[in-house]
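So you can see what is in the structure, the chains are spelled out below.
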Amino acid sequence: MKQSSTSSLVEVADGAASSFATLSARRLLLLGGIGLILVGMIFGDIFAVFVLHQNAARVGANLTAAAHGALAGDRAAVLANFQNVGAFLENRGTKVDTHVHMIDFGYLALMLALLQPWVALSESTKKRIAWVFLFGSGLLPVCVFLIHYVGLARSPLQSLGWASIFADFGGLLVVLATLAYLQGLVRSVTGKEPIVARDSLLADRSAEGRLLLVGGVLLILVGFLHGAYYAAADLYRHEAMDFSILSEMAAGAAGSNAAGIARSLNAYGTLQGDKAVNIAAHAHAIEFGLLAMMMAFFQPYVALREAWRRRWAVVLLLGSLLLPVCVLLELRYGLVAGGLADLGGLLVIVALMAMWIGILRYMGQLDAALGEEP
Amino acid sequence: MSGAQRLLILGGIGLALLGMSYGLWYAVFNEHQELDGIGKSLASGFSAAAERNAPAAAATFKQYKEEKYGYDRHVDVHSHWIGLAMLLIVLGIAFDRVAFSDGVKYLFALGLFLGAFVFPLGVLMQTYSHGPGPRAVTIAGSALVIASLAGMALGFARERVSS
């Protein structure tokens, strides 16, 4: 039994060795990509639980104080509170950007991993490009996170601090690396160096792979339909309300109408919440759909029993659906829906972690089998 | 690699580069200035209200509205081009699993690529004109994306049934 499993591993190793050798570009991009997605998601969960709501409360409190400052005719209080609002929003914005960019670069890394057999470049060049890509993908979010803390300290520029400069440099590295892979792809498909890519990874038709693929496409479709509905029914109305509520708030302050200000502040908070949940539901459904589709391709690398591979696929899809649906319900059902949404995010993280461990096990088996060859 | 796959994969990477380059340009030259502008208009509006100057407050809030409108769309263009690009690449890789004839598959691929390019372009055009033209372009682009994606989902489902 042990002999047959070892020989099958050698066969697998023979097939995969060319595209999945130790520290190959594909392996680097796959491990780095899933790692980036996991770190980005865990960061997002920590941010949502410990920072997001507290930050929103502080923004609301400062906006209220600014409106009451205006009501009292205290211009200095208005400016001081708006400075605080700006700082809180920048803090929030950089945290959201860290979360989003880390995950999106992870997705891009997975896609580039899939495309490796079609990239007409030498393996050493592909590997160097992968390192540049991963370095840029890590640098940008880390520096975006630091923007709020570093500010403009010792910066040679008027509106860009060092953290922003390094973040932009990270982005540039990612663009250059992607461009380099694109050049390799163009060389492959234009016939100068034609490649007939026979990739066993793409030929896989396992049940869990198909489940993730079809589930992913459906999630994306649902996300698009929701986005289109939101754009058609609510987006312009929300934008008009944003302007009119703020105008009413200022008019209330100018006319010493405290009750009017309170009404406007209430309406403004509700509006921001409504916008946030709709955008978050739309974005998360599509992103999780993409993740499910990409993980469908990598199922042959997940060295777990078939039943467990299927279970983790179901858990990933369940979490991917639960999070956006519960985010949408947050305005109506409050913390209960919020808690369920966080649970959905956690399910996705756990399932992804399990698949990552499966891929690491596969690599260990592959390397061991290759090491046993004469 | 079939023609449809080539269109989706190369088109997707090209679109990702376009979206990233646009985001990089926007972050370096525009974003901070626009955010500063939004913050300053809000603060000025409420300061004018504190001074009981309603016309000045109304004028600065109009400025805020314009700046916020532009900022939201610039960010949307960047994220939608890149997001759709990723979808194009992934679908391109999986495209041999869509159980339709090559002609139909190419039509879906073309529809998705055109929609993915045109939809954010329409959003970008909205920053230059608030008229119905850019909105029509945006709606047409998103309709192309949704219709093509629905067709592909059906194709994936047909493959599942046939196997």
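For every chain, the first residue of its written sequence is number 1, and the numbers climb from 1 along that sequence. Lettering of chains starts at A and numbering of ligands starts at 1, both following the order in which they are written. This being a predicted model, a pLDDT of at least 70 is required before a residue's local features are given, and a value of 80 or more before pairs of side-chain atoms are given or counted; all residues contribute to the totals for chains, interfaces and linings.

## Some thoughts on the overall build of chain A
Tallying secondary structure elements over chain A gives 10 helices and zero strands in all. Along its sequence from the N terminus, chain A presents helices and strands in the succession α-α-α-α-α-α-α-α-α-α. Per-residue burial over chain A gives 43% buried out of 374 residues. By the convention adopted here, residues make contact when the C-beta atoms placed from their backbones lie within 7 Å. In chain A, 80% of the contacts between residues at least 6 apart in sequence involve partners at least 24 apart. What counts as a helix is a DSSP run of H or I of at least four residues, what counts as a strand is a run of E of at least two, and both are numbered from the N terminus. Residues with at least 20 neighbouring C-beta atoms inside 10 Å of their own are called buried, those with 12 or fewer are called exposed, and the rest are partly exposed, where every C-beta is derived from the backbone.

## Some thoughts on the overall build of chain B
Counting its regular elements, chain B contains four helices and zero strands. Beginning at the N terminus, the succession of helices and strands in chain B can be written as α-α-α-α. Radius of gyration: C-alpha atoms only; globule rule: 2.2 Å multiplied by the number of residues to the exponent 0.38. Relative to a compact globule of 163 residues, whose C-alpha radius of gyration would be 15 Å, chain B shows 21 Å and is clearly more extended. Viewed in the frame of its principal axes, chain B has a C-alpha envelope of about 75 × 30 × 25 Å. Evaluated residue by residue, chain B yields a buried proportion of 47% over its 163 residues.

## Regarding the environment of Asp 104 of chain A
Residues and elements named next belong to chain A. Inspection of the secondary structure puts Asp 104 in helix 3 (residues 75-115). Classification of Asp 104 as buried rests on a count of 24 C-beta atoms within 10 Å. Sequence-wise, Asp 104 and Glu 287 are 183 residues apart; in three dimensions their C-alpha atoms are separated by 8.4 Å.

## Some thoughts on the interface of chain A and chain B
Each partner contributes residues to the interface: chain A has 57 residues there, and chain B has 51 residues. Counting only elements with at least two residues in the side of chain A that touches chain B, the list comes to helix 2 (25-71), helix 3, helix 5 (162-189), helix 7 (207-254) and helix 8 (258-297) of chain A. Sort the elements by how many residues they give to the side of chain A that touches chain B and helix 7 of chain A lands first, with 19 residues. Amino acid classes used here: Ala, Val, Leu, Ile, Met, Phe, Trp, Tyr, Cys and Pro are nonpolar; Asp, Glu, Lys and Arg are charged; the rest, including Gly, are polar. Among the residues making up the side of chain A that touches chain B, the classes are represented as 42 nonpolar, seven polar and eight charged.

## Focus on helix 7 of chain A
Under the 1.5 Å per step criterion, the end-to-end length of helix 7 of chain A is 65 Å for 48 residues, consistent within 8% with the ideal 70 Å. Directly beyond the C-terminal end of helix 7 of chain A, a positive phi value near 55° is found at Ser 256 of chain A. A helix's residues, less one, multiplied by 1.5 Å, set its expected span.

## Things to note about the packing of helix 7 of chain A against helix 8 of chain A
All names here are of chain A. Fitting a line to C-alpha atoms yields each axis, with helices limited to the stretch in contact; the angle taken between N-to-C directions then spans 0 to 180 degrees. Packing of helix 7 against helix 8 leaves a shortest axis separation of 7 Å and a crossing angle of 165°. On the basis of the axis angle, helix 7 is roughly antiparallel to helix 8. Considering the relative orientation of helix 7 and helix 8, their crossing is left-handed. Taken together, the residues of the contact of helix 7 with helix 8 break down into 26 nonpolar, 13 polar and five charged. Comment on the angle field: the value is read as roughly parallel under 35 degrees, roughly antiparallel over 145, roughly perpendicular from 65 to 115, and oblique elsewhere. In a left-handed crossing the near helix is turned counterclockwise from the far helix by less than a right angle, and in a right-handed crossing that turn is clockwise.

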